[in-house]
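Per-entry structural report
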Amino acid sequence: MFATGQASVQKNVTILGSTGSIGVSTLEVLALHPQHFRVFALTALQRVDVLLEQCLRFQPRYAVMVDEPSAGHLQQRLQAAECPTEVLSGRAALEQVAADPETDYVMAAIVGAAGLLPSLAAARAGKRVLLANKEALVMSGQLFMQAVRDNGAELLPIDSEHNAIFQCLPQGRPVPGVARILLTASGGPFRTWSRERMAQVTPRQALAHPNWSMGPKISIDSATLMNKGLEVIEASWLFSLPPAQIEVVVHPQSTVHSMVAYNDGSVLAQLGNPDMRTPIAYALGWPERMVSGVAALDLIAMARLDFEAPDLTRFPCLQLAYEAHARGGYATIALNAANEVAVAAFLNQEIPFMVIPQLVRDVMEWTDSGTPDQLEDIIIQDEASRKAASCWINNKKMQ
Ligand code: NAD
Ligand code: MG
């Protein structure tokens, strides 16, 4: 359908987190294909100006502003501009638009645990779910994958590594003969820094990723390598593989987005420029290919591709994620919640960079093993871990 450019049935797309880095890239790709996609709903936490501009340009049926006062401002400004978009507010409205019968595709691009309920609502409603919100799978992998299977949803990974693996597997699913997944990691801005230097890093330094332009939380996670840890857990759920078959390889150029090694010695890789519009276009168009707006990869200009092992002593968060996954869902929820609190505290200059893994380790140690099978228990564990992490920080401040 995309190759010929012929008109076909338009798919209605809901973007959860449309004002963020992934949300904006998604709208850029959709804007290239107005004949195939209609923007049905856009959602944001509180950035009125950005959501207003998106509504005026894409004229969605709904705009959800989670923050109620911000929703009021958006409503007034849309009315003044005679834009017919209906404004909703509150967290339940996120689930409402994700599961709306008219929604075909849901881009799940809210950051952190806040994305769990609306992403899950999309899966339960049997949508095509384009999953960027890795934290949702880290928290609820078993329950989420079951919801996808039970409701006939289509789950397409947006994370560039998982999208690459999906592309390197026949039909995107693991088959007999897969030996390992090789998950590539850029190594972040501190790949070559000493421990002593890393003790002094500022939020500004940690936010400056060498290859990717992303939201603040995932940028810090990339600097600690927690992002890669979360991605190991994500890959394990998406591709039904034990963590022992998921190996992290540091690849500073971020050109090889990940690889699949087969037991005949073949290694398949997906390469491309570090630009999220490629995996987004792939997931929107699948099983066909469509233009993304990304420049062609110039291998001659690239000249070399390097690979090295991750250093788990300077980047303990990666090891913590493997440990959490081995212990079960309660521990991965604790890992994720403590990390979210720690990242926010680091960005607020309340804790130093190297304290992030200490805080996560301690909160994980206070957590039971095993896996919750009810959504309510997942939410209770998430809240308890956040509370524990906040207390940990307050105690440190008083010392
Ligand atoms: P971002 O911070 O740029 O954007 C986050 C979006 O979520 C915004 O639209 C914001 O309004 C919304 N949001 C934040 N908190 C919310 C809340 N409590 N309730 C409702 N909405 C809320 O983040 P991002 O970099 O676009 O990342 C989004 C997700 O995609 C994350 O899970 C991240 O790990 C994943 N991801 C991002 C990239 C990337 O290149 N940015 C790559 C791979 C995966
Ligand atoms: Mg990634």
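In case you missed it, the structure is sitting above this.
As the structure is a prediction and not an experimental result, all values here were calculated from the model.

Procedures and definitions
- Residues numbered from 1 in each chain as written.
- Chains lettered and ligands numbered in written order.
- Predicted model: local features only at pLDDT ≥ 70, side-chain atom pairs only at ≥ 80, totals over all residues.
- Heavy atoms only, no water.
- Donors = N, O, S within 2.8 Å, 3.2 Å for Na, K, Ca; no water.
- Helix = DSSP H or I, 4+ residues; strand = E, 2+ residues; numbered from the N terminus.
- Buried < 20%, exposed > 50% of the residue type's maximum accessible area, 1.4 Å probe, protein only.
- Contact = heavy atoms within 4.5 Å.
- Core = buried A, V, L, I, M, F, W, Y, C linked by side-chain atoms within 4.5 Å.
- Domains from an automatic or database assignment.
- Pairing = 2+ DSSP bridges.
- Axes fitted to C-alpha atoms, helices over the stretch in contact; angles between N-to-C directions.
- Near = heavy atom within 4 Å.
- Polar contact = N/O pair within 3.5 Å; in protein donor to acceptor, adjacent residues only side chain to side chain.
- Areas by Shrake-Rupley, 256 points an atom, 1.4 Å probe, with all protein chains shown as cover.
- Nonpolar A, V, L, I, M, F, W, Y, C, P; charged D, E, K, R; others polar.
- Parallel < 35°, antiparallel > 145°, perpendicular 65-115°, else oblique.
- Salt bridge = Lys/Arg side-chain N within 4 Å of Asp/Glu carboxyl O.

Here's the deal with the coordination of the magnesium ion (ligand 2)
Bound to the magnesium ion (ligand 2) on the protein side are Asp-159 (OD), Glu-161 (OE) and Glu-231 (OE), at distances that span 2.1 to 2.2 Å. Expressed as a motif, the donor residue spacing for the magnesium ion (ligand 2) is D-x1-E-x69-E. Note that Asp-159 is positioned in the loop between β7 (154-157) and α7 (160-168) and Glu-231 in helix α11 (residues 226-238), a separation of 72 residues in sequence. We classify Glu-231 as buried; its relative accessible area is 1%.

So, the side chain of Thr-255
Note on placement: Thr-255 falls in the loop between β9 (246-250) and β10 (256-262). On the accessibility criterion, Thr-255 (0% relative accessible area) is buried. With sequence-adjacent residues up to four places away left out, Thr-255 is seen in contact with Gln-270, Leu-271, Gly-272, Leu-297, Met-302 and Leu-305.

Some thoughts on the nonpolar core
With 129 residues, the main nonpolar core has Leu-335 and Phe-353 as its most contacted residues. Per-element accounting of this core gives the leading share, 10 residues, to helix α15 (residues 329-347). When residues of this core are sorted by domain, at least three fall in each of domain 1 (11-157) and domain 2 (159-187 + 225-310). Contacts of Leu-335, omitting those with residues within four sequence positions, involve Met-226, Leu-230, Ile-233, Leu-320, Ala-321, Ala-324, Val-360 and Met-364.

Examining the sheet that holds strand β6 (residues 128-131)
Sheet architecture is open: seven strands sit in the order β4-β3-β2-β1-β5-β6-β7, paired in parallel fashion. Strand pairing shows two members of the sheet lacking a second neighbour, β4 (86-89) and β7, which therefore form its edges. Neighbour-to-neighbour, the strand axes of this sheet turn through a mean angle of 20 degrees, independent of strand direction. In this sheet, strand β5 (residues 105-108) lies alongside strand β1 (residues 11-16) in parallel orientation, the contact comprising four bridges. Of the residues in β5, the one forming a bridge with Val-13 is Tyr-105. Contacts from helix α1 (residues 21-31) reach β1, β2 (37-44) and β5, with the element oriented near 160 degrees to β1.

Concerning the site of ligand 1
In the neighbourhood of ligand 1, 24 residues make up the surrounding shell, with Thr-19, Ser-21, Leu-45, Glu-135 and Gly-215 lying closest. Taking Leu-45, its main chain carries an N or O atom lying 2.9 Å from an oxygen atom of ligand 1. Note that an oxygen atom of ligand 1 is positioned 2.7 Å from one of the side-chain N or O atoms of Glu-135. Protein burial of ligand 1: of its 820 Å² of free accessible surface, 88% is covered by the chains. Among the elements of the structure, α1, α6 (134-151) and α10 (216-224) are those that each provide at least two residues to the shell around ligand 1. Classifying every residue of the shell around ligand 1 gives 14 nonpolar, seven polar and three charged.

Notes on the pairing of strand β11 (residues 267-271)
Pairing of β10 with β11, which is carried by five bridges, proceeds in the antiparallel orientation. Residue Val-256 lies in a different strand from β11, and its bridge partner there is Leu-271. In this structure, the hairpin formed by β10 and β11 is closed by a connection of four residues, where Gly-265 is found at a positive phi of approximately 95 degrees.

Some thoughts on the packing of α6 against helix α17 (residues 375-398)
Running from N to C, α6 and α17 point in directions that differ by 175 degrees, and their axes come no closer than 11 Å. As summarised for this structure, α6 and α17 are arranged roughly antiparallel, according to the angle between their axes. Seen from α6, the contacting residues are Met-139, Ser-140 and Leu-143; seen from α17, they are Leu-375, Ile-378 and Asp-382. Tallied by class, residues from the contact of α6 with α17 come to four nonpolar, one polar and one charged.

What about the pattern of salt bridges?
In this structure the tally under the stated criterion is 17 salt bridges. Residue Asp-49 pairs with Arg-77 through a salt bridge whose shortest N-O separation is 2.9 Å. Here Asp-49, found in helix α2 (residues 48-58), pairs with Arg-77, found in helix α3 (residues 68-80); they are 28 residues apart in sequence, far enough to count as distant. Across the pair Glu-161 and Lys-228 runs a salt bridge, and its minimum N-O distance is 2.8 Å. In this pair, Glu-161 is assigned in helix α7 and Lys-228 in helix α11, connecting sequence segments 67 residues apart. Pair check on accessibility: Glu-161 and Lys-228 agree, each one buried. Taken together, the shared-partner salt bridges connect Lys-134, Asp-159, Glu-161, Lys-228 and Glu-231 into one network.

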